[in-house]
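In case you want the letters, here they are:
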Amino acid sequence: MRYGDIQTYSPYADTNGFPPKSFGFEKSIDGTIGPVGTSISSSICIICTRCRYDDIRSNCFACGIGAGKTRLSTMEQVGMPDFYQHDMITTIHDLRSAKLDNLESMLRESTRNHDIGLVLPVTASDMRAEPFDVIVRELAQADYIASIVVSLGVAPDQSDYDETCAKIAPLGDRAKVLWTDGPEVQGLYNELIESGIDVSVPGKGRSVWTAFGYLLDDPDIETFVLHDCDIVDYDRQLLTRLCLPMVHPGLDFEFCKAYYARVTDRMHGRVVRLLVAPLLRALMQCFPENQFVRFLGNFRYPLSGEFSLTRNLARTNRVASDWGLEVGTLADVYRNTSHKRVCQVDLARLYEHKHQTLAVDQPSSGLIKMALDILTTIYRTLASQGIVFGESTFVTLRASFLRIAQDCIRQYAADARVNSLKYDRHSEEMAIEAFAQCVTQAGEIFAADPSGNPSIPNWTRVRAAFPDFTSRLRETVK
Ligand SMILES: O=C(O)[C@H](O)COP(=O)(O)O
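Criteria and cut-off values
Residues numbered from 1 in each chain as written. Predicted model: local features only at pLDDT ≥ 70, side-chain atom pairs only at ≥ 80, totals over all residues. Heavy atoms only, no water. Helix = DSSP H or I, 4+ residues; strand = E, 2+ residues; numbered from the N terminus. Expected span 1.5 Å × (residues − 1). Buried < 20%, exposed > 50% of the residue type's maximum accessible area, 1.4 Å probe, protein only. Contact = heavy atoms within 4.5 Å. Polar contact = N/O pair within 3.5 Å; in protein donor to acceptor, adjacent residues only side chain to side chain. Near = heavy atom within 4 Å. 1 Å grid on protein atoms, 1.4 Å probe; cavity = no way out; pocket = protein on both sides within 12 Å on 5 of 7 lines; lining within 4 Å. Sits in = over half its atoms within 2 Å of the grid points. Nonpolar A, V, L, I, M, F, W, Y, C, P; charged D, E, K, R; others polar. Lys, Arg positive; Asp, Glu negative; His and termini not counted. Salt bridge = Lys/Arg side-chain N within 4 Å of Asp/Glu carboxyl O. Points joined across faces, edges and corners; volume = space filled by probe spheres on them. Axes fitted to C-alpha atoms, helices over the stretch in contact; angles between N-to-C directions. Parallel < 35°, antiparallel > 145°, perpendicular 65-115°, else oblique. Left-handed = near helix turned anticlockwise from the far one by under 90°. Core = buried A, V, L, I, M, F, W, Y, C linked by side-chain atoms within 4.5 Å. pLDDT = per-residue confidence, 0-100. Pairing = 2+ DSSP bridges.

By the naming in an unreviewed UniProt entry, the protein chain goes by Glucosyl-3-phosphoglycerate synthase and is assigned to Rhodopirellula baltica.

Written as structure tokens, this is what we have:
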């Protein structure tokens, strides 16, 4: 079965037209049985992860109206769960809604001889927002994480650093703030820049790369995990699911990427749904033999910012400094390991985060900038594999993209209708028009500069030139 050929109706809207997350029925507390997702009377209620798990919420902070309704865990649902596997990578589903206690005890057992380092890229404004406090509270109980690096960027003032240190104090000595805008770390960056290693572009990519360097200096850390800090309604189950595939002694994965449904009372994930999913199908039409495009097509949420990887990959992967970070990471994973060692995991939650604007007249910000960075990263990766792009390639790709994206809209509209989600078809049509323009515009950017703004070199290269760099970085952070 090729995805995209079928229409799916899912209680948790699936972004790429993949098979639904689960089929079956559930029961509301008054005994009424209905399709999964309908026993909770309001669609907004689904943003509260906890409402998914057999508890009765009288005061759901996300929606406040979950009272009197209960949802049976997936295991108790009547019907067949989604256990669909793609052809290249492994998918770890949320089949039985495993309880946090079980996951944590498995993780504690698995990490007896296996240290995990967690990277939290955060800006000063996200550090001051409510989700960060929740994240710290949850992590205080995550004793299976050996080291936590809060990589603080867009934080020019000493007070930003001081406040972050104060906020993470409950995490104890295992947590450190890596202040990327601070004078000491800037001094280290300058040293690299002067010797021709370009780390001049600030952003999430550089923050993540620097945190990897810090963790690499600790020889005990075997698994590196990363998640964003703007996740609304965070709980540490997300973290356990991201770590387990990497650390469980019975498994042999080297890279694990998260997926989830970005849904509240409507579908979000506009770039994934309206750009990346149709683009990958269009690329498959243009380059049916290309394995990398097929590999990307296996990911249910290729832009998720949450992933875990081995020490070896953290050392050998390059890191893009722009919005190409997620797709660029997948490109390096594809190059540096076997697809058999790659998995994606359902974080067993609906995921809400802060949203950026989609303003067509602002190509240097918001979702248009994100789209351009993603497209140029994909084009450059394909070119590096020997794919030849002519001007007409981008014209054809755009035409193909537009037609497929229109089909996607029809699918999302149907999915939204059956799930009682709001769906603004007009703004979705406007978005794909804007993204279609990006397809050719990114082609021009690529043609003008085929290798482009290079990614930050990998740590193997940096440590070859400066063997003591990571230990000096570590000292600086301490
Ligand atoms: O994941 C995405 O597609 C982008 O981050 C945009 O997400 P949003 O539509 O939920 O803001």
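## Regarding helix α14 (residues 425-448)
Three- or four-residue spacings in an α-helix give side chains the same orientation, since the helix completes a turn every 3.6 residues. Taking 1.5 Å per residue, 24 residues should reach 34 Å; α14 reaches 35 Å between its end C-alpha atoms and fits that length. Taken residue by residue, α14 has Glu428, Ala431, Ile432, Ala434, Phe435, Ala436, Cys438, Val439, Thr440, Ala442, Gly443 and Phe446 as its buried positions. Looking at the packing, one finds that the buried side of α14 touches α8 (270-286), α12 (366-384) and α13 (391-418). The residue sitting at the N-terminus of α14 and contributing the capping side-chain oxygen is aspartate 424; that oxygen lies 3.2 Å from the backbone nitrogen of histidine 426.

## Things to note about the site of the ligand
As a matter of local geometry, the ligand sits amid Arg262, His268, Gly269, Arg270, Val271, Val272, Tyr301, His353 and His355. Interatomic distance of 2.9 Å between a backbone N/O atom of glycine 269 and an oxygen atom of the ligand. Contacts to the ligand include valine 271, whose backbone N or O atom sits 2.8 Å from an oxygen atom. In a pocket analysis with a 2 Å cut-off to the grid points, the ligand is assigned to the largest pocket. Here the shell around the ligand is built from residues that sort into three nonpolar, four polar and two charged.

## As for the side chain of arginine 311
Mapped onto the elements, arginine 311 comes out in helix α10 (residues 311-316). Buried and without a salt bridge, arginine 311 has aspartate 218 as its closest oppositely charged side chain, separated by 6.1 Å. Separated by 2.6 Å, the side chain of arginine 311 and the backbone oxygen of leucine 216 make a polar contact. Apart from residues lying up to four places away in sequence, arginine 311 is in contact with Leu215, Leu216, Asp218, Pro219, Ile221, Glu222 and Phe224.

## Focus: the layout of surface pockets
The calculated volume of the largest pocket comes to roughly 970 Å³. Lining the largest pocket are 41 residues, with Lys204, Asp228, Trp323, Lys354 and Gln356 sitting closest to its centre. Of the residues forming the lining of the largest pocket, the biggest block, four residues, is contributed by helix α6 (residues 204-216).

## Some details on unusual backbone geometry
Phi at aspartate 233 is positive, roughly 60°, even though this residue is not glycine. Mapping aspartate 233 onto the fold places it in the loop between β7 (221-226) and α7 (237-247). Phi at serine 420 is positive, roughly 55°, even though this residue is not glycine. For serine 420, the position within the fold is in the loop between α13 and α14. On the basis of relative accessibility, which here comes to 55%, the residue serine 420 falls in the exposed class.

## Quick notes on the packing of α13 against α14
Across the interface, α13 lies against α14 with an axial gap of 10 Å and an inter-helix angle of 155°. In terms of orientation, α13 lies roughly antiparallel with respect to α14. Considering the relative orientation of α13 and α14, their crossing is right-handed. Contact residues: Phe394, Val395, Leu397, Arg398, Phe401, Leu402, Ala405, Gln406, Ile409, Arg410, Tyr412 and Ala413 in α13; Arg425, Glu428, Glu429, Ile432, Phe435, Ala436, Gln437, Val439, Thr440, Gly443 and Phe446 in α14. Of the residues that constitute the contact of α13 with α14, the class distribution is 14 nonpolar, four polar and five charged.

## Considering the pattern of salt bridges
Side chains that differ in sign of charge can pair as their charged atoms come close. Counted according to the given criterion, the structure contains 22 salt bridges. Overlapping salt bridges, with partners in common, bring together Glu104, Glu138 and Arg236 in one network.

## Here we look at the environment of phenylalanine 212
In this structure, phenylalanine 212 sits in helix α6. On a C-alpha basis, the gap between phenylalanine 212 and valine 225 in space is 9.6 Å, while along the polypeptide they are 13 residues apart. With near-sequence residues (within four places) excluded, phenylalanine 212 lies in contact with Val119, Phe224, Phe307, Leu309, Ala314 and Trp459.

## Thoughts on the nonpolar core
By size, the foremost hydrophobic cluster in this structure holds 137 residues, and its most contacted members are Leu139, Leu239 and Phe435. Each residue touching leucine 239, except ones within four places of it in the same chain, is listed here: Leu118, Leu139, Ala142, Tyr144, Ile145, Val225, His227 and Tyr234.

## Notes on the confidence of the model for the protein chain
Atom-level detail of predicted coordinates should not be read off regions where pLDDT is low. Per-residue confidence for the protein chain gives a mean pLDDT of 86; residues scoring 70 or more make up 82%. Counted against residues more than four places away or in other chains, residues 1-5, with its pLDDT under 50, gives 13 contacts. Below pLDDT 50 for its whole length, residues 7-79 participates in 193 contacts with residues either more than four positions away or in separate chains.

## Structural notes on the pairing of strand β8 (residues 255-261)
Taking burial as the measure, the seven residues of β8 include seven buried ones, the bulk of the element. Where β8 and strand β9 (residues 307-310) come together, three bridges link them in antiparallel fashion. Pairing of lysine 257 across the sheet is with phenylalanine 307, part of β9.

## Points about the environment of isoleucine 231
With respect to the helices, strands and loops of the structure, isoleucine 231 is situated in the loop between β7 and α7. Along the backbone, isoleucine 231 and tyrosine 351 are 120 residues apart, and their C-alpha atoms lie at a distance of 7.0 Å.

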